[in-house]
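# Topology and contacts: notes
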Amino acid sequence: MHNPIVILHGWSDNSSSFKALGNFLQESFGNAVQPLYLADWLSMHDAISYADLADAMQQAWLALGLPTAPQSVDIVVHSTGALVTRQWFTRYYSASTNPVKRFVQLAPANFGSPLAHKGRSFYGRAVKGWNQPGFQTGAAILTGLELAADYTRKLAQQDLFANEAWYGAGKMLATVLIGDTGYSGISAIANEAGSDGSAVVLT
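Starting from 1, residues in each chain are numbered consecutively following that chain's sequence as written. Local features are withheld for residues below a pLDDT of 70 in this predicted model, meaning they are given only at 70 or higher, and side-chain atom pairs are given and counted only at 80 or more; totals for whole chains, interfaces and linings count all residues. Hydrogens and water are ignored here; the side-chain numbers use all heavy atoms of the structure.

### Structural notes on the pattern of salt bridges
Note on definitions: salt bridges are taken to be side-chain nitrogens of Lys or Arg within 4 Å of carboxyl oxygens of Asp or Glu. If you walk through the whole model with that rule in mind, you get five salt bridges. The partner of Asp74 in a salt bridge is Arg102, and the shortest N-O contact between them spans 3.0 Å. Pair noted here: Asp74 is in strand S3 (residues 73–78) and Arg102 is in strand S4 (residues 100–106), with a separation of 28 residues, a long-range link. Under the scheme applied here, a residue whose accessible area is under 20% of the maximum for its type counts as buried, over 50% as exposed, and between as partly exposed, the area being computed with a 1.4 Å probe on protein chains only. A relative accessible area of 9% means that Asp74 is categorised as buried. On the basis of relative accessible area, Arg102 is assigned to the partly exposed category, the value being 37%. When the shortest N-O distance is used, the salt bridge between Lys171 and Glu164 registers 3.7 Å. On the basis of relative accessibility, which here comes to 24%, the residue Lys171 falls in the partly exposed class. Where helices and strands are cited, they refer to DSSP runs of H or I of at least four residues and of E of at least two residues respectively, numbered from the N terminus.

### Looking at helix H7 (residues 150–159)
Restricting attention to buried positions, one finds in H7 the residues Tyr151, Thr152, Leu155, Ala156 and Asp159. Looking down the long axis of H7, one finds its buried residues gathered within 135 degrees of arc, a one-sided arrangement. The secondary structure elements touched by the buried residues of H7 are helix H2 (50–63), helix H3 (81–92) and helix H6 (139–145). The directions from the helix axis to the C-beta atoms are what the arc is built from. Any two residues whose heavy atoms approach within 4.5 Å are treated as being in contact.

### Looking at the packing of aromatic side chains
Pairing of aromatic rings covers Phe, Tyr and Trp, the last counted by its six-membered ring, and requires centre-to-centre distances within 6.5 Å; plane angles under 30 degrees mean stacked, over 60 mean edge-to-face, and any other angle means tilted. Following the criterion strictly, the structure yields five aromatic pairs and no others. Taking the centre distance of 4.5 Å and the plane angle of 35 degrees together, the rings of Trp61 and Trp88 count as tilted. With Trp61 in helix H2 and Trp88 in helix H3, the pair connects residues that are 27 residues apart, well separated along the chain. Across the pair, exposure class does not vary: Trp61 and Trp88 are buried alike. Members of the aromatic cluster, connected to one another through ring pairs, are Trp61, Trp88 and Tyr93.

### Concerning H3
The end-to-end C-alpha separation of H3 is 16 Å, in line with the 16 Å expected for twelve residues at 1.5 Å each. For H3, the buried fraction is high: ten of the twelve residues fall into the buried class. Tucked inside the fold, the buried residues of H3 contact strand S1 (5–8), H2, S3, S4, H6 and H7. The length a helix should cover is 1.5 Å for every residue beyond the first.

### Quick word on unusual backbone geometry
Phi at Gln71 takes a positive value of approximately 55 degrees, unusual for a residue other than glycine. Along the chain, Gln71 turns up in the loop between H2 and S3. Look at Ala148: it is not a glycine, yet its phi comes out positive at around 60 degrees. Tracing the sequence through the fold places Ala148 in the loop between H6 and H7.

### Quick word on the packing of H3 against H7
Axis definition: a line fit to C-alpha positions, over the contact stretch in the case of helices; interaxial angles, taken between N-to-C directions, run 0 to 180 degrees. Two numbers describe how H3 lies on H7: the axes approach to 10 Å, and their chain directions differ by 45 degrees. When the axes of H3 and H7 are compared, the pair comes out oblique. Of the two possible hands of crossing, H3 and H7 adopt the one that is left-handed. Contact residues: Leu83, Arg86, Gln87, Phe89 and Thr90 in H3; Tyr151, Thr152, Leu155, Ala156, Gln158 and Asp159 in H7. In this classification, Asp, Glu, Lys and Arg are treated as charged, Ala, Val, Leu, Ile, Met, Phe, Trp, Tyr, Cys and Pro as nonpolar, and every other residue, Gly included, as polar. Here the residues of the contact of H3 with H7 sort into five nonpolar, four polar and two charged. Here the angle decides the label: under 35 degrees means roughly parallel, over 145 means roughly antiparallel, 65 to 115 means roughly perpendicular, and every other value means oblique. Two helices cross in a left-handed way if the nearer one is turned anticlockwise from the farther one by less than a right angle. They cross in a right-handed way if the turn is clockwise.

### Here we look at the nonpolar core
Only buried residues count toward a nonpolar core. Its members are Ala, Val, Leu, Ile, Met, Phe, Trp, Tyr and Cys residues joined through side-chain atoms within 4.5 Å. One finds Met57, Trp61, Ile75 and Trp88 to be the most contacted residues of the largest nonpolar core, which totals 30 residues. Mapped by element, the contributors of at least two residues to this core are S1, H2, S3, H3, S4, H6 and H7. Beyond its immediate sequence surroundings of up to four residues, Trp61 is in contact with Val6, Leu36, Leu66, Pro67, Thr68, Val73, Ile75, Trp88 and Pro99. Judged by nonpolar contacts, the second largest core, of six residues, contains Ile5, Phe18, Val33 and Val76.

### Some points on the sheet that holds S3
DSSP calls a pair of strands paired once it identifies at least 2 bridges connecting them. If you trace the five strands from one edge of the open sheet to the other, you get S2-S1-S3-S4-S5, paired in parallel fashion. Edge strands, defined here as strands with exactly one partner in the open sheet, are strand S2 (33–35) and strand S5 (173–177). For this sheet, the mean inter-axis angle between neighbouring strands, taken without regard to orientation, is 20 degrees. Both S1 and S2 contribute to a ladder of three bridges, which runs parallel. Bridging from a neighbouring strand, Ile7 pairs with Pro35 of S2.

Given below as structure tokens:
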């Protein structure tokens, strides 16, 4: 029997953007696909932190009755969803009790994103915060999302450099996929050399 697949999107996005992917995964693999809706509004509130999102993720996980046994779930994330997920499983589980078996990351912001600085700018607040009270864009989330931020360094120390290995054979299997083309239209302002618009390619 296949593991259920959980999908979590990134900053300023919403769960509807992953409906097509969810349908594809379900049709292709026959897995139950479960979006987590916590970032539909939480990611855009300035005072919300990654710890808050990890707490919300755990509450949503349990409320949906998702499995918590070791390696019982596969998860697909986009961009900031990778940071939220890593914060969640290091906060609530250990490497040996982690419920995630396959961790597929689409343009993950594990080392920060050039989008963070743009999101916190006046332009970012005008464009992304237009429908938010006080033109909020998730200041605390974006601060942790800055390139070379203290937050991503500390998060890496928690799971990449932990005494007990989180990743590898017999552990969680991580896959990172990034694009080879930047955004188009007004979103192209996020494009930079060496980036697919979300993630910076490290060489």
